[in-house]
Amino acid sequence: MRKVSIIGGGLTHFGEHWEISFREMVAEAGAKALHDSKIEGKDIQAIYGGCMASGRLLGQEHVGALIADQLGLNPLPSTRCEAACASGGVALRQGIQAIASGMYDVVAVGGVEKMTEVSVEEASLALGGAGDQEWELFNGATFPALYALMAKRHMLEYGTTEEQLALCAVKNHANAVHNEYAQFRSPITLEQAMNASVIASPLKLFDCSPISDGAAVVILAASDVAKKFVDEPVEVIASAQASDSLALTGRETLTSLKATQIAAKDAFKQAKITPKDVDLAEVHDCFTIAEILAIEDLGFFPKGKGGKATEDGETALNSTVSVNTSGGLKACGHPVGATGVKQAVECLWQLQGKAGQRQVKDAEYALSHNVGGSGATAVVHIYKKL
Ligand SMILES: CC(C)(COP(=O)(O)OP(=O)(O)OC[C@H]1O[C@@H](n2cnc3c(N)ncnc32)[C@H](O)[C@@H]1OP(=O)(O)O)[C@@H](O)C(=O)NCCC(=O)NCCS
């Protein structure tokens, strides 16, 4: 297989966008990615785009063709990928596979979601479709409720505390202060997080990612041509994906995401490195408990020790492993289809040394982890500075 690199990335600001439409967000992120990659539209041979719920949220389907049209790239083949909140990560994997197979030299991978056009209640119902509609959502189990169940079980089995959960949010808000694209750029204290209104006990407001609008684009190129475009491409040294039951009732355990564990094992095998080698990780913290599960399931900390590791500052910027330097889903925002691609952009800019005040020192290896639903899809990518 051909090796694949990322040569550039572009983001819109994540947050609430009243002044810019779904398609304009794609165009903005796309234009920035082309500029960052020093390429032109004519260099791109195919497009893969992650989007979860545009039909439900905006009444707009056929997003693959819409993206090509909006970017002025007709008649390029353009394909929408849907895997709930992992849509962006799955689109990225499709783009990587298309180049690795030898079919293309250069492809664009995008992710987009516009969620604030509808009420939070309507957005919650749309998001709930990422779980099991018949067994979970129909019975009232929205996503905060499902992750609250996982949090309760983790607390029971391992003694994880509400303070430890809240400290994930405190750290991620601190990182987002230095990210100009982030939805929430104000720091929060442990007291604020602990005293916030309860969403689904034990999860409170600051334990939850927000409802967000945003788009992200990366440009991929075969590694053997990447340096024709930019001096510092970042190689994708692993791309892995796994699936599990949609409903929590089908799982062996509530305190691990098996799909993450399997995808991570495969990714580390492909990359020929261990979790200890990773300098920074963008993990899927749709809720603070999801970050605790992720840092354990990815192998950074033993099962049950994620809460303690967070409390001890082992996931802070420039610590054992810098987790969610962008601010994560919690503070950077979570426009669901865009998240997996935004994670790749953060890894790219970190490995290129372009992350400003949130830069991880001497970063050599980065990992991104994108989850669909409550863990039915997990996608893990590992990147290396060339
Ligand atoms: C947590 C949640 C229910 C809050 O919704 P809400 O109570 O209706 O909140 P509102 O939109 O009315 O916002 C109220 C305030 O809280 C802030 N806010 C909303 N969500 C926030 C969050 N997650 N973190 C921090 N602040 C948040 C808003 O900015 C607003 O602040 P302001 O009054 O200063 O403008 C909603 O963000 C949510 O559903 N999040 C989970 C999304 C999800 O499930 N994603 C998929 C994961 S798999």
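Preceding this section is the structure that the text describes.
This is a predicted model, so every value here is computed, not measured.

1. A closer look at helix α11 (residues 288–297)
Consideration 1: Of all 10 residues making up α11, 10 are buried, and the element is well covered by its neighbours.
Consideration 2: Taken together, the buried positions of α11 are occupied by Thr-288, Ile-289, Ala-290, Glu-291, Ile-292, Leu-293, Ala-294, Ile-295, Glu-296 and Asp-297.

2. A few points about the sheet that holds strand β7 (residues 213–222)
Sheets are built from strands paired through backbone hydrogen bonds, the pairs being either parallel or antiparallel.
Consideration 1: Ordered by their spatial adjacency, 10 strands build an open sheet running β3-β2-β4-β7-β1-β8-β12-β11-β9-β10, and the pairing between neighbours is mixed. Of all the strands in the sheet, just β3 (78–81) and β10 (322–323) have a single pairing partner and so form its edges.

3. A few points about the site of the ligand
Consideration 1: Contacts to the ligand come from 16 residues, most closely from Val-120, Cys-208, Ser-209, Pro-210 and Lys-330.
Consideration 2: With respect to the ligand, the backbone of Ser-209 contributes an N or O atom lying 2.8 Å from a nitrogen atom.
Consideration 3: In this structure, Lys-330 approaches the ligand through a side-chain N or O atom, which is 2.9 Å from a nitrogen atom.
Consideration 4: Isolated, the ligand exposes 930 Å² of accessible area, and the fraction of that covered by the protein chains is 62%.
Consideration 5: Along the lines of polarity and charge, the residues of the shell around the ligand split into 13 nonpolar, 2 polar and 1 charged.

4. Digging into the environment of Lys-32
Consideration 1: The residue Lys-32 is located in helix α1 (residues 22–37) in this model.
Consideration 2: Considering only alpha carbons, one finds Lys-32 and Thr-12, 20 residues apart in sequence, at a separation of 8.7 Å.
Consideration 3: Contacts of Lys-32, omitting those with residues within four sequence positions, involve Gly-9, Gly-10, Leu-11, Thr-12 and Tyr-181.
Consideration 4: Separated by 2.9 Å, the side chain of Lys-32 and the backbone oxygen of Leu-11 make a polar contact.

5. A short note on the environment of Gly-306
Consideration 1: Structurally, Gly-306 is set in helix α12 (residues 306–311).
Consideration 2: Here Gly-306 falls in the buried class, since its relative accessible area comes to 0%.
Consideration 3: Taking the C-alpha atoms as reference points, Gly-306 and Leu-165, separated by 141 residues in sequence, lie 9.5 Å from one another.
Consideration 4: Filtering out sequence-adjacent residues up to four positions away, Gly-306 remains in contact with Ile-292, Ile-295 and Glu-296.

6. Digging into empty space enclosed by the protein
Consideration 1: Taken as a whole and judged by the stated rule, the model has 1 cavity of 30 Å³ or more.
Consideration 2: One number sums up the size of the largest cavity: a volume of about 80 Å³.
Consideration 3: Elements with a minimum of two residues in the lining of the largest cavity: β2 (46–50), β4 (106–114) and β7.
Consideration 4: Taken together, the residues of the lining of the largest cavity break down into 10 nonpolar, 4 polar and no charged.

7. Details of the environment of Tyr-181
Consideration 1: Looking at the element boundaries, Tyr-181 is found in the loop between α7 (162–176) and α8 (190–195).
Consideration 2: It is 9.1 Å that separates the C-alpha atoms of Tyr-181 and Gly-333, two residues lying 152 residues apart in sequence.
Consideration 3: Those residues within four positions of Tyr-181 in sequence are excluded, and the remaining contacts are Leu-11, Thr-12, His-13, Phe-14, Lys-32, Cys-332 and Trp-349.

8. Quick look at the nonpolar core
Consideration 1: Val-218, Ile-219, Leu-220 and Tyr-383 are the most contacted members of the largest nonpolar core, which totals 65 residues.
Consideration 2: Among the elements that make up this core, the one with the highest residue count is β7 (8 residues).
Consideration 3: Each of domain 1 (4–119 + 212–234) and domain 2 (126–208 + 238–385) accounts for three or more of the residues forming this core.
Consideration 4: In contact with Val-218, other than residues within four places in its own chain, are Ile-6, Gly-8, Gly-9, Leu-92, Val-107, Ala-108, Val-109, Val-341, Ala-344 and Val-345.
Consideration 5: Core analysis: the next-biggest nonpolar cluster, separate from the first, contains 33 residues, Cys-85, Leu-127, Leu-146 and Leu-293 among them.

9. Quick word on the pattern of salt bridges
Consideration 1: Going through the model one piece at a time under the given rule, you end up with 19 salt bridges.
Consideration 2: Ionic pairing is found between Lys-354 and Asp-36, a salt bridge with its closest N-O pair at 3.5 Å. Within this pair, whereas Lys-354 is found in the loop between α14 (336–351) and β11 (365–372), its partner Asp-36 is found in helix α1, the two being separated by 318 residues in sequence.
Consideration 3: Glu-346 serves as the salt-bridge partner of Arg-358, at 2.8 Å between the closest nitrogen and oxygen. Of the two residues, Arg-358 is situated in the loop between α14 and β11 and Glu-346 in helix α14; the sequence distance between them amounts to 12 residues.

Cut-offs and rules
- Residues numbered from 1 in each chain as written.
- Predicted model: local features only at pLDDT ≥ 70, side-chain atom pairs only at ≥ 80, totals over all residues.
- Heavy atoms only, no water.
- Buried < 20%, exposed > 50% of the residue type's maximum accessible area, 1.4 Å probe, protein only.
- Helix = DSSP H or I, 4+ residues; strand = E, 2+ residues; numbered from the N terminus.
- Pairing = 2+ DSSP bridges.
- Near = heavy atom within 4 Å.
- Polar contact = N/O pair within 3.5 Å; in protein donor to acceptor, adjacent residues only side chain to side chain.
- Areas by Shrake-Rupley, 256 points an atom, 1.4 Å probe, with all protein chains shown as cover.
- Nonpolar A, V, L, I, M, F, W, Y, C, P; charged D, E, K, R; others polar.
- Contact = heavy atoms within 4.5 Å.
- 1 Å grid on protein atoms, 1.4 Å probe; cavity = no way out; pocket = protein on both sides within 12 Å on 5 of 7 lines; lining within 4 Å.
- Points joined across faces, edges and corners; volume = space filled by probe spheres on them.
- Core = buried A, V, L, I, M, F, W, Y, C linked by side-chain atoms within 4.5 Å.
- Domains from an automatic or database assignment.
- Salt bridge = Lys/Arg side-chain N within 4 Å of Asp/Glu carboxyl O.

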